[in-house]
Amino acid sequence: MLLAGRTVIVSGVGAGLGHQVAAAVVRDGGNAVLGARTGARLAKAAAEIDPEGLRTAHLAADITDASRCEALAALAVERFGRIDAVVHVAARDSYFGGIEDADLDTWKEVVDVNLLGTLRMTRACLPALKERGGSVVLIGTQSAVAAPSQVRQAAYAASKGALTSAMYSMAQEFGPHRIRVNTVLPGWMWGPPVQAYVRFTAHTEGVSEAEVLGRLSGRMALPELATDLDVAEAAVFLASDRARAITGQSLLVNAGELMR
């Protein structure tokens, strides 16, 4: 198993990607420590992933609050004795629009979650990660390296682009401690948010959901969208020792929509 005996913190565990990452950690033999802002959602996710409660722990933690980040890291060490990886799924991705119409105060909030919040959570995990080395996996977005298609999310793209830039500095700084830092860049990812987009667009335009989905998948080299699970699998690989010589890299998981 890829993560046998390892402990992985997963931030932003909800119904989509965070849930899939945490479930994959447990499936592959690891202990998953779940964080998100809503405690009830975490409890539900943990019960689904690990009904006996032996390989999961969870704590309500808003990554804009440094003390909650530290508490989540402390829970991992208290419960399982170590932190081997942290996968950063928590993000604010619900603000839409471009630059001309931007509310820059809202931009600050997006940056505080997506960039600074991720750095807060990473820093909270560093003392434990330094003990034996490990992995930091950032979830970015294809829109950070190419103009987004269909939906404008300039603030989200910019904040994730800054996070990708920070990856290089972290990889260099943490490397001597055998801590690797990498980014997964999803494109359109079939899961709850994209399913909602397809339903909404189909209803608004008076067309079938299949037509809307076809517009998206038609841009892919592969004949269907990547899924939440596909992105989770990439994150688990980067968290594992099979990626022990990989750091400072960005991996597109996008069914070939964009190739670099």
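In the block above lies the structure referred to throughout.
> Lay out the side chain of E257 in plain terms, naming residues and giving numbers.
Counting through the fold element by element, E257 comes out in the segment after β9 (250–253). The exposure class of E257 is buried, given its relative accessible area of 19%. A polar side-chain atom of E257 sits 3.2 Å from a polar atom in the side chain of Q142.

> Explain unusual backbone geometry to me, and be specific about the residues and the numbers.
One non-glycine residue, R178, lies in the positive phi region at around 60°. Tracing the backbone through its elements, the reader meets R178 in the loop between α5 (154–174) and β6 (179–186). Judged by relative accessible area, which is 69%, R178 ranks as exposed. Residues other than glycine seldom take positive phi values, yet A255 does so here, at roughly 60°. Along the polypeptide, A255 turns up in the segment after β9.

> Account for the pattern of salt bridges, with residues named and values stated.
Summed over all chains, the structure comprises 11 salt bridges. For E131, the salt bridge is made with R132, and the minimal N-O distance between the two is 4.0 Å. On the basis of relative accessible area, E131 is assigned to the exposed category, the value being 59%. The exposure class assigned to R132 is partly exposed, which follows from its relative accessible area of 41%. Among the salt bridges present, the one from R215 reaches E205, with a minimum N-O distance of 2.6 Å. Highlighted residues: R215 in helix α7 (residues 209–217) and E205 in helix α6 (residues 192–205), separated in sequence by 10 residues. The exposure class of R215 is partly exposed, given its relative accessible area of 32%.

> Which residues make up the packing of helix α3 (residues 66–80) against helix α4 (residues 104–132), and what are the values?
At a minimum axis separation of 8 Å, α3 and α4 run at an interaxial angle of 35°. Handedness of the α3/α4 crossing: right-handed. Judged by residue contacts, A66, C69, E70, L72, A73 and V77 of α3 engage R120, M121, A124, C125 and A128 from α4. Class assignment for the residues of the contact of α3 with α4 results in 9 nonpolar, no polar and 2 charged.

> Give me the nonpolar core: which residues, what numbers.
As a rule of thumb, nonpolar side chains are buried together in soluble globular proteins. Judged by nonpolar contacts, the single largest core of 34 residues is most densely connected at L17, V21, L34, V87, I139 and V184. Elements represented by at least two residues in this core include exactly β1 (7–11), α1 (17–27), β2 (31–36), α2 (39–49), β4 (85–88), β5 (134–139) and α8 (228–239). Every residue in contact with V21, bar those within four places of it in the chain, is listed here: V10, V87, V89, A232 and V236. Core analysis: the next-biggest nonpolar cluster, separate from the first, contains 32 residues, I63, A73, A128 and A171 among them.

> Can you lay out the pairing of β5 for me, pointing to particular residues and giving the numbers?
The side chains of a regular strand alternate, residue by residue, between the two faces of the sheet. The buried fraction of β5 amounts to 6 of the 6 residues, a majority that puts the element mostly inside the structure. Burial of the side chains of β5 extends over both faces: G134, V136 and L138 are buried on one face and S135, V137 and I139 on the other. Pairing between β4 and β5: 4 bridges, direction parallel. Bridging from a neighbouring strand, V86 pairs with V136 of β5. Crossover β4 to β5 through α4 is right-handed. As paired strands, β5 and β6 are joined by 6 bridges and run parallel to one another. The residue bridging L138 from the neighbouring strand is T183, located in β6.

> Just give me the short version of the packing of aromatic side chains, but keep the residues and values in it.
Applying the stated rule across the entire model yields 1 aromatic pair. The interplanar angle of 45° and the centroid separation of 5.1 Å between the aromatic rings of W188 and Y197 together place this pair among those described as tilted. Classification of W188 by relative accessible area gives buried; the value is 13%.

Rules behind the numbers
Residues numbered from 1 in each chain as written. Predicted model: local features only at pLDDT ≥ 70, side-chain atom pairs only at ≥ 80, totals over all residues. Heavy atoms only, no water. Helix = DSSP H or I, 4+ residues; strand = E, 2+ residues; numbered from the N terminus. Buried < 20%, exposed > 50% of the residue type's maximum accessible area, 1.4 Å probe, protein only. Polar contact = N/O pair within 3.5 Å; in protein donor to acceptor, adjacent residues only side chain to side chain. Salt bridge = Lys/Arg side-chain N within 4 Å of Asp/Glu carboxyl O. Axes fitted to C-alpha atoms, helices over the stretch in contact; angles between N-to-C directions. Left-handed = near helix turned anticlockwise from the far one by under 90°. Contact = heavy atoms within 4.5 Å. Nonpolar A, V, L, I, M, F, W, Y, C, P; charged D, E, K, R; others polar. Core = buried A, V, L, I, M, F, W, Y, C linked by side-chain atoms within 4.5 Å. Pairing = 2+ DSSP bridges. Right-handed = clockwise from strand over helix to strand, strands pointing away. Phe/Tyr/Trp six-rings, centres within 6.5 Å; stacked < 30°, edge-to-face > 60°.

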